[in-house]
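Tertiary structure, described
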Amino acid sequence: MDILSKFAIMLGAIGGLVLLVAMLLFLAGRMRGRSESRNVGWLFIAPAVLGLLVAVIYPALKTITQSFQTSSTGSFVGVANYITVFTDPDQLVVLANTAAWVILSPLVASVIGLLYATFVDRSRFEALAKTFVFLPMAISFVGASIIWKFVYDYRPNIAGVGQTGLLNQIVVWFGGTPQEWLLYPPLNTIFLIVIMIWIQAGFAMTVLSAAIKGIPADIVEAARMDGASGFRLFMDVTFPSIRPTFIVVVTTIALWTLKVFDIVRTVTGGQFDTNVLANDFYTQVFQIGNTNVGATLAVLLFILVMPIVIYNVRQLRKAEAQ
Amino acid sequence: MTETAAGRAGHAPRALATMSIGARRIKKQLSSRLTSVVVVVIAVLWTVPTFGLLVTSFRPQADIQTSGWWMIFVHPNFTLDNYNQVLNAQNSGQALTDAFVNSLVITIPGVVLPICLALLAAYAFAWTRFRGRDFLFVVIFALQIVPVQVTLVPLLNLYVGAGLAGSFWPVWISHTIFALPLAVFLLHNFMREIPAELIDAARVDGANHAVVFRSVVLPLMTPAIAAFGIFQFLWVWNDLLISLTFANTPDTNPMTLALANLVGSRGGDWYLLSAGAFVAMIVPLGVFLALQRYFVRGLLAGSVKG
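Nothing here was measured: the structure is a model prediction, and the numbers come from that model.

**Thoughts on the overall build of chain B**
Across its full length, chain B holds 15 helices and zero strands. With 306 residues in all, chain B has 45% of them scored as buried. Nonlocal contacts in chain B, meaning residues at least 24 apart in sequence, comprise 73% of its contacts between residues at least 6 apart.

**Section: the overall build of chain A**
Within chain A, the regular secondary structure consists of 13 helices and zero strands. The secondary structure elements of chain A, listed N-terminal to C-terminal, are α-α-α-α-α-α-α-α-α-α-α-α-α. Compactness check: chain A gives a C-alpha radius of gyration of 25 Å against a globular reference of 20 Å for 322 residues, more than 25% above the reference. Dimensions of chain A, computed from the C-alpha atoms along their principal axes, are close to 80 × 65 × 50 Å. Once local pairs closer than 6 in sequence are excluded, the contacts in chain A between residues at least 24 apart make up 66%.

**What to know about helix α2 (residues 36–66) of chain A**
With 31 residues, α2 of chain A ought to run about 45 Å at 1.5 Å a step, and its terminal C-alpha atoms sit 43 Å apart, in line with that. The principal kink in α2 of chain A, of about 45°, is found at Ala-46 of chain A, preceding the proline Pro-47 of chain A by one to four residues.

**Digging into the packing of helix α1 (residues 3–30) of chain A against helix α10 (residues 209–220) of chain B**
Between α1 of chain A and α10 of chain B, the shortest axis-to-axis distance is 7 Å and the interhelical angle comes to 130°. Judged by the inter-axis angle, α1 of chain A sits oblique to α10 of chain B. Taken together, the residues of α10 of chain B that come into contact with α1 of chain A (itself represented by Leu-25, Ala-28 and Gly-29 of chain A) are His-209, Ala-210, Val-211, Phe-213 and Arg-214 of chain B. For the contact of α1 of chain A with α10 of chain B, the per-class residue count stands at five nonpolar, two polar and one charged.

**Structural notes on the environment of Lys-130 of chain A**
Residues and elements named next belong to chain A. Inspection of the secondary structure assignment puts Lys-130 in helix α5 (residues 126–134). C-alpha of Lys-130 to C-alpha of Thr-118: the two residues are twelve residues apart in sequence and 11 Å apart in space. Not counting chain neighbours up to four residues away, the residues in contact with Lys-130 comprise Val-120, Met-205 and Ser-209.

**Here we look at the interface of chain A and chain B**
Taken together, the 92 residues of chain A in the interface contact 89 residues of chain B. A class-by-class count of the residues in the side of chain A that touches chain B yields 66 nonpolar, 18 polar and eight charged.

**A look at unusual backbone geometry**
Residues and elements named next belong to chain A. Omega for the peptide link from Pro-185 to Pro-186 comes to 0°, which places this bond in the cis form. A positive phi is found at Arg-122, a non-glycine position, where the angle reads about 60°. Within the chain, Asp-273 stands out as a residue other than glycine whose phi angle is a positive 60°. By the secondary structure assignment, Asp-273 is in the loop between α11 (262–267) and α12 (277–288).

**A few points about the nonpolar core**
Membership of the largest hydrophobic core comes to 176 residues, with the highest contact counts inside it found for Ala-121 and Tyr-123 of chain B. Residue contacts for Tyr-123 of chain B: discarding those within four places in its chain leaves Phe-44 of chain A together with Met-191, Phe-213 and Val-217 of chain B.

**A closer look at the confidence of the model for chain B**
The predicted model of chain B has a mean per-residue pLDDT of 84, with 86% of residues at 70 or higher. Across chain B, the secondary-structure element scoring lowest on mean pLDDT is helix α1 (residues 2–19) of chain B, at 40, and the one scoring highest is helix α12 (residues 241–246) of chain B, at 94.

**Let's talk about the domain arrangement of chain A**
As assigned here, chain A comprises domain 1 (3–66) and domain 2 (81–321). In this structure, domain 1 of chain A and domain 2 of chain A have C-alpha centres spaced 36 Å apart.

**What about the environment of Tyr-282 of chain A?**
Residues and elements named next belong to chain A. Structurally, the position occupied by Tyr-282 is in helix α12. Judged by local crowding, Tyr-282 falls into the buried class, with 24 C-beta atoms found within 10 Å. For Tyr-282 and Val-207, which are 75 residues apart along the polypeptide, the C-alpha to C-alpha distance reads 31 Å.

**Some points on helix α8 (residues 187–213) of chain A**
Between its first and last C-alpha atoms α8 of chain A spans 37 Å; for 27 residues at 1.5 Å apiece the expected length is 39 Å, and the two agree. With respect to burial, α8 of chain A is a largely interior element, 21 of its 27 residues being buried.

What counts and how
Residues numbered from 1 in each chain as written. Chains lettered and ligands numbered in written order. Predicted model: local features only at pLDDT ≥ 70, side-chain atom pairs only at ≥ 80, totals over all residues. Helix = DSSP H or I, 4+ residues; strand = E, 2+ residues; numbered from the N terminus. Buried ≥ 20, exposed ≤ 12 C-beta atoms within 10 Å, placed from the backbone. Contact = placed C-beta atoms within 7 Å. Rg over C-alpha atoms; globule rule 2.2 N^0.38 Å. Expected span 1.5 Å × (residues − 1). Bend = angle between axes of the 7 residues up to and from the residue. Axes fitted to C-alpha atoms, helices over the stretch in contact; angles between N-to-C directions. Parallel < 35°, antiparallel > 145°, perpendicular 65-115°, else oblique. Nonpolar A, V, L, I, M, F, W, Y, C, P; charged D, E, K, R; others polar. Core = buried A, V, L, I, M, F, W, Y, C linked by C-beta atoms within 7 Å. pLDDT = per-residue confidence, 0-100. Domains from an automatic or database assignment.

Structure representation (structure tokens):
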């Protein structure tokens, strides 16, 4: 397919949509009388509701069903797939790694984001300094993975061979021996988690910075009058005031972390005991052809995500009510 | 009257604060030096890795393989060869220019379609009345919970059954529908902030819902559309999972997928990977820097996306 025909197809799709919207508006314009509001309402939500029914609700129910079936015959096997996921040695590694990701990356990213937001707050270079940390958010997980894979790059330690990865060069400068960082568990998982932290700290910083600026000035002023400053001011006033936001930031990043597979896939492909749930799902379904174990992993992901989302929504409601 | 009272109240603490300022200055300098160090360390860690790859993308292939990028400060030596190679596919397999076009063709409808459909739905939830309205709204909002992974396999079968496999439709439809719960929620929140009197006045003048939607609500929604639009743009442009599942052919694969494949097949060829990564980054970085304000607003409004 050449470039022009691709753009032609794209314009066709957008044109089709414009036509659909125009048609709905035309129909809405023709409606009269007491039932107008009701009919217009149904008309306007119809495309979204239909789409969600067909492309989210039906597939989700189907996947949940598949998680109770075998891959070969499709007969029901109860919780056999779930037992596999929780007992198979490889799967246990996946679960342990996922736990490490979900605990470490949200906490570290949020703490770094909070420190940075606090320290640059109202400084002369605030906008610029924030852009530095924020910028990785615009980069794809694949792009960030390539950036960091290069940092971790390794050359054999022979005289005359220079290191090309920054981390190994720093090790050499300090007199150490270069390492193949990505080969050895559990440290390699930590090096992967670093990439996630690097991407998400900007999100944490932005949201927390807005929260810090939202602390009423008189509270801060009153604390200053009492002699609080620096660390004391932070622990007694700043942090308690933004704690609800901090928790939402942590849980939101945890949510994203659970579902991210791009980093593991790009950097190690899940080898060397670095696999996580979301990448394992993809490998099981599309590379091994183990659809039903994959379905089980997807449902597990669903179950893990659910309490976090519910918690976040509750927090949001609480914040709105205030 | 109230203003002067507030002004007076504001002066008193300032006067008190100056008394202890001398004692505090030394302590303050110490802590500010420590915070400066922390800030600089974080800023360096967050920029140097990207800078290193950027420098590498302009170094000759032979240099990249034998020395670190920091050596350019000793032996400056630059070339555009790497970009030539990835863009024209002399030996890297697929030309990234194709993937770049695919990214555009996927992303533009991937942003426009959900915004249009969500605007209509958000309007219905905000300004019309029908039975089950509030219940349906909560259901749509709650669908944010469902991870994309849960839907992929049955959805792929649906697309294959409908004869859409290999075209752009599966990616467009998927991105559109997965974006709807958040888009409807966000746009609805913004729409509810429009004063009801404004809508009612137009309705009393005889305007029907189509007219109110087009001439009253839509013009006021520009900031909200921009906030969600840039969010969705970055989301779609940077996505790997959906394109890997639904657009994994040379005719349709976007930049992220082409890059991921390049890592798989030419993992040690940093002259290709570095240049390729920056070709993929340039558009989102540009959009992001130009519209950062809207992006921040979208983040703050919708940070619960699941």
